[in-house]
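The lines below spell out each chain.
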Amino acid sequence: LYQLRGRVGRSDRRAYAYLLVPPAVRLSPVARKRLSALQEFSELGSGFRVAALDMELRGAGNLLGKQQHGHVNAIGLELYCQMLESAVRELRGEPAQPAFTTTINLGLDIRIPASYIPEEHQRLRMYKRLAGIRSEQERESVEQELRDRYGPPPQSVRNLLDYGQLKICAERLGIRSVERRKQFLELQFQAESKAVPERLTELIAGQRGAQFTPAGVLRLPLGSHAQDPLPWLREILERLREPQADLSPVDSGKGR
């Protein structure tokens, strides 16, 4: 019904669609909800909201079979998909994904402006794609797609791409959070961190004012990297991960 209604009035003439229900027909509660959705979601681009409501009413379907209806309410669709992906990775012998998610807060603009991707649904889909980037190749592929579809990405979108890449590196190292506090950068390590201890020690020794607290927090002064800390943070994460990385000081600092 929604698709039929959407095809009325597409020319330069005003048109109307009348959806009639025979008086002898008694509508079910689900049917009434569907008709209410047709009334409520009438603005341009609301088809996704109608489809989402329909999936909520009839269920998400059997993910491992051919049935087009059913419910995964016991654990939720998103969690079920995560568990399924984890099981597939395990069967393939691939390394398990970290059981936590790294949070990064550097005080930078990391959004997709409406002026860049005007349609809200497309913006949401792109946010989800950016959040799912797991490698440098995927990042380059998504960035190329953005350029092809919407033009050169603004700085805030480039920051968002960098955030996704840094988040992957931090999770693999066992870093729970990366946060900017005034003129310092703080990296909160987990107890089971995979950072190379020797590299961490050398980083602290080569960085003036650096500290590693008993709570597992690496505190680094931003110094000359305060304006754009992303490349510097990427270098730090690479050094902690790669034993063969160059050991030149990250930031010589003034007065050294």
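Structural data are supplied above this passage.
So, here is what we can say about the structure in this document. Not measured: the values here are computed from a predicted model.

**Observations concerning the packing of helix α8 (residues 197-205) against helix α9 (residues 230-241)**
For step 1, the next point in the chain: Between α8 and α9, the shortest axis-to-axis distance is 7 Å and the interhelical angle comes to 135 degrees. By the criterion of interaxial angle, the relationship of α8 to α9 is oblique. Counted together, Arg199, Leu200 and Leu203 of α8 and Ile236, Arg239 and Leu240 of α9 form the full contact between these two elements.

**Observations regarding the pairing of strand β2 (residues 175-181)**
For step 1, the next point in the chain: Pairing of strand β1 (residues 103-105) with β2, which is carried by three bridges, proceeds in the parallel orientation. Paired with Thr103 across the strands is Ser177, a residue of β2.
For step 2, the next point in the chain: Taken together, the six bridges between β2 and strand β3 (residues 184-189) define a ladder with antiparallel strand orientation. The partner of Ser177 across the bridge, within β3, is Gln188.
For step 3, the next point in the chain: The turn linking β2 back onto β3 is made up of two residues, and Lys182 within it adopts a positive phi angle of 55 degrees.

**Overview of the packing of aromatic side chains**
For step 1, the next point in the chain: Summed over the entire model, instances satisfying the criterion amount to two aromatic pairs.
For step 2, the next point in the chain: On the basis of an interplanar angle of 55 degrees and a centroid distance of 5.8 Å, the ring pair of Tyr116 and Tyr150 is categorised as tilted. With Tyr116 in the loop between β1 and α5 (120-131) and Tyr150 in helix α6 (residues 136-150), the pair connects residues that are 34 residues apart, well separated along the chain.
For step 3, the next point in the chain: Owing to a relative accessible area of 9%, Tyr116 belongs among the buried residues under this scheme.

Calculation rules
- Residues numbered from 1 in each chain as written.
- Predicted model: local features only at pLDDT ≥ 70, side-chain atom pairs only at ≥ 80, totals over all residues.
- Heavy atoms only, no water.
- Axes fitted to C-alpha atoms, helices over the stretch in contact; angles between N-to-C directions.
- Helix = DSSP H or I, 4+ residues; strand = E, 2+ residues; numbered from the N terminus.
- Parallel < 35°, antiparallel > 145°, perpendicular 65-115°, else oblique.
- Contact = heavy atoms within 4.5 Å.
- Pairing = 2+ DSSP bridges.
- Phe/Tyr/Trp six-rings, centres within 6.5 Å; stacked < 30°, edge-to-face > 60°.
- Buried < 20%, exposed > 50% of the residue type's maximum accessible area, 1.4 Å probe, protein only.

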